[in-house]
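A look at the structure
Below are the chains, spelled out letter by letter.
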Amino acid sequence: MSIGGSFLEIKEILMQAIQDAAEKAMAEDVFPAGELPEIVLEVPPKKELGDFATNFAMQSARAFHMNPRKIAEVLTERIHGSWLDHIQIAGPGFINFYLKADVLYDTLAQAMAQGSAYGKLPLKDVPKIQVEYVSANPTGPLHVGHGRGAATGSALVNLLRAAGYPVESEYYINDAGNQIDNLAASVNARYLEKFGQTVAFPENGYHGDDIIDTAARIIRKDGDKYLHMEEKERLTIFRELALKEKLAALKEDLAAFNVHYDVWFSERTLHPDAVREAVEVLQKNGNIYEKDGALWLKSTAYGDDKDRVVIRENGVPTYLAADIAYHRNKFERGFGTVINIWGADHHGYVCRVKAAMAALGYNPDHLKVLLLQMVSLYRGGELVKMSKRTGDSVTLAELIDEVGTDAARYFFIMRSLDSQLDFDLDLAKSQSNENPVYYIQYAHARICSIFRQAAETGLEVGPVPQLSLLTDATEIALIKKIEAYPEELERAAADYAPQRIARYVYDLASTFHSFYSQCRIMGVDQPLAAARLALVGETREVIRYALAILGVSAPDKM
RNA sequence: GCGCCUGUAGCUCAGUUGGAUAGAGCAACGGCCUUCUAAGCCGUGGGUCGCGCGUUCGAAUCGCGCCAGACGCACCA
């Protein structure tokens, strides 16, 4: 028997059956006519409570003016299906569905037959989603806070893609404005210092050692070539040299962290035309006024605390003006949803950008700003102090050097975005059972080892493994966990919650480890051995899919 | 003062479109290696879900008010 579908499809069928039954009862005047509540189907907290459960009877009790258990009875009498073993009414009115065991095995067989397609959901016919993340100023190295953004952002992109959403990732390069002038002035000061000149370091300059390195590299390459030219000219040259170098360093750091972008968007391309146009549109639709010589956006009309300057008294646009032009550009490019991942320290900025989008006539709800809470590093139980101002902070490159990309990514992703992250460096480094990354990778390596052993003894999965031989509680648990993957993908993507995948793959590894200690593969009857080999093979596939979303490697050996 | 996030076991955290006896890891304690990786498994103990009031058949989850911590309140980016 096959009901021909994935776990998600079975769920659909069951939900439809509930709805049909409810409508039938309505047509028979057993239920009063009216709106049906939304049908929610969930996996019960304990396996004794069945494969699926719905709270339909309790939800509709008030509207129907009926006892929930009576509603449940009426409903269950009208639900039939060859895939259904039995139905039970439990507790205050839960309806628990117990599926025939064949459904479990058929679903697993379907998953196996799909091959790598099981790692993805079908492409959804929705407008493209853009995810912009990190977008750190190219004025210095990335630090650990950016690391969280980088890991979370790239995992979110992978997740949305796996869940069938069309996605494009983007990095916004802040290569215009004051901070780039400060970068040039800082390099200039370091450059002159190298030639023994005493210069006042720029007030808002960058103090990091990387600036000294940049100056040193310039000298190594071009010597004193820039020493005797006019400062203005030298600054212009240094601005470009430093920017190019910083950008290359950024890309290198990110690539080493398994982070890659579809689009690198330069702020400069917005100046001056796009910025002017955006302001003109706002002027035309009456959302701009002049005061004290500056142009102000009437953002309070769209929920902001105060109005914001877009063009300064001196005629120079503010950062907000460029950001308005940038976000306008995003929507003009046709994205249906625009996701920004920002550090929580920028949360005050959300309201004004959304207000600006509303003022431009876009739906501000189509701009989703995900705020990442701050990261604290702990070493030896002590908080590692960080100071951005003095440039004395732990860089992403140093972190990767210390704990590795896999551990760093997993630790950044495993917490919800809203939670402040305590990053325990010692734990991330430890190659022990305390470290969740190793626990998961170990499961994968173990399975690979099993396959190596199986190959030696000549054991193969074969074309049609008898999956119904898998009846141990740990086997059933593992099958169910594998079959939960598509729904897990769906929910994680819908919630923009890559941490759900981190948790899922941990649970999957845990379920596998339990199975492994309970059931042998080599040394049991051949059909059972083949079925078990098929099961662990599929487990390995799903571990790979999930780790790939997280950007964490799946080693064959440990 | 205003805004935003957080507060769940000794520690780090899940669970928050309201559902069944609130979960996991670590730490503590007790078991399991002559057989596929013990970087593993099994078990035990551990909770006023920050506090109070409310909505509801039902609240960790929703509302209001407190308390505590973090972050932010620029013609900086």
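Since this is a predicted model, take the numbers as computed values, not measurements. (Residues numbered from 1 in each chain as written. Chains lettered and ligands numbered in written order. Predicted model: local features only at pLDDT ≥ 70, side-chain atom pairs only at ≥ 80, totals over all residues. Heavy atoms only, no water.)

1. Section: the sheet that holds strand β6 (residues 167-173)
- Read from one edge of the open sheet, five strands run β7-β6-β5-β11-β12, paired in parallel fashion. Both outer strands of the open sheet, β7 (263-266) and β12 (367-372), are each paired with one neighbouring strand and no more. Ignoring which end each strand starts from, the neighbouring axes of this sheet average 25 degrees apart.
- Summarising the sheet, strand β5 (residues 129-132) and β6 pair through four bridges and their orientation is parallel. When the bridges of β6 are listed, Val-131 appears paired with Ser-169. (Pairing = 2+ DSSP bridges. Helix = DSSP H or I, 4+ residues; strand = E, 2+ residues; numbered from the N terminus. Axes fitted to C-alpha atoms, helices over the stretch in contact; angles between N-to-C directions.)

2. What to know about the sheet that holds strand β13 (residues 375-379)
- Taking strand neighbours across the sheet as the criterion, the three strands line up as β14-β13-β15 in an open arrangement whose pairing is mixed. Whereas interior strands pair on both sides, the edge strands pair on one side only; in this sheet they are β14 (382-384) and β15 (421-424). Neighbour-to-neighbour, the strand axes of this sheet turn through a mean angle of 40 degrees, independent of strand direction.
- Looking at chain direction, β13 and β14 are connected through three bridges and run antiparallel. Within the sheet, the bridge partner assigned to Tyr-378 lies in β14 and is Leu-383.
- With respect to the sheet, helix α13 (residues 405-414) is in contact with β13 and β15, its orientation differing from that of β15 by roughly 155 degrees. (Contact = heavy atoms within 4.5 Å.)

3. Points about the environment of Ile-71
- For Ile-71, the position within the fold is in helix α3 (residues 68-77).
- A residue is classified by how much of its surface remains accessible, and Ile-71, at 0% relative accessible area, is buried. (Buried < 20%, exposed > 50% of the residue type's maximum accessible area, 1.4 Å probe, protein only.)

4. Examining the domain arrangement of chain A
- When its domains are assigned, chain A resolves into domain 1 (7-99), domain 2 (127-428) and domain 3 (433-550).
- Placing the centre of domain 2 and that of domain 3 at their C-alpha centroids yields a distance of 40 Å.
- In this assembly, 25 residues from domain 2 lie in contact with 22 residues from domain 3.
- For the domain 2 and domain 3 pair, buried surface summed over both sides reaches about 1,900 Å², with 70% attributable to carbon and sulfur atoms.
- Ranking the residues of domain 2 by area buried against domain 3 places Leu-159, Tyr-410 and Leu-427 at the top, with a combined share of 33%. (Domains from an automatic or database assignment. Buried area = accessible area lost by both parts, 1.4 Å probe.)

5. Details of helix α19 (residues 526-550)
- Relative to the 36 Å expected for 25 residues at 1.5 Å per residue, α19 spans 36 Å between its end C-alpha atoms, a close match to the ideal helical length.
- Extensive coverage of α19 is indicated by the burial of 19 of its 25 residues.
- Looking at the residues trailing α19, positive phi occurs at Gly-551, about 75 degrees. (Expected span 1.5 Å × (residues − 1).)

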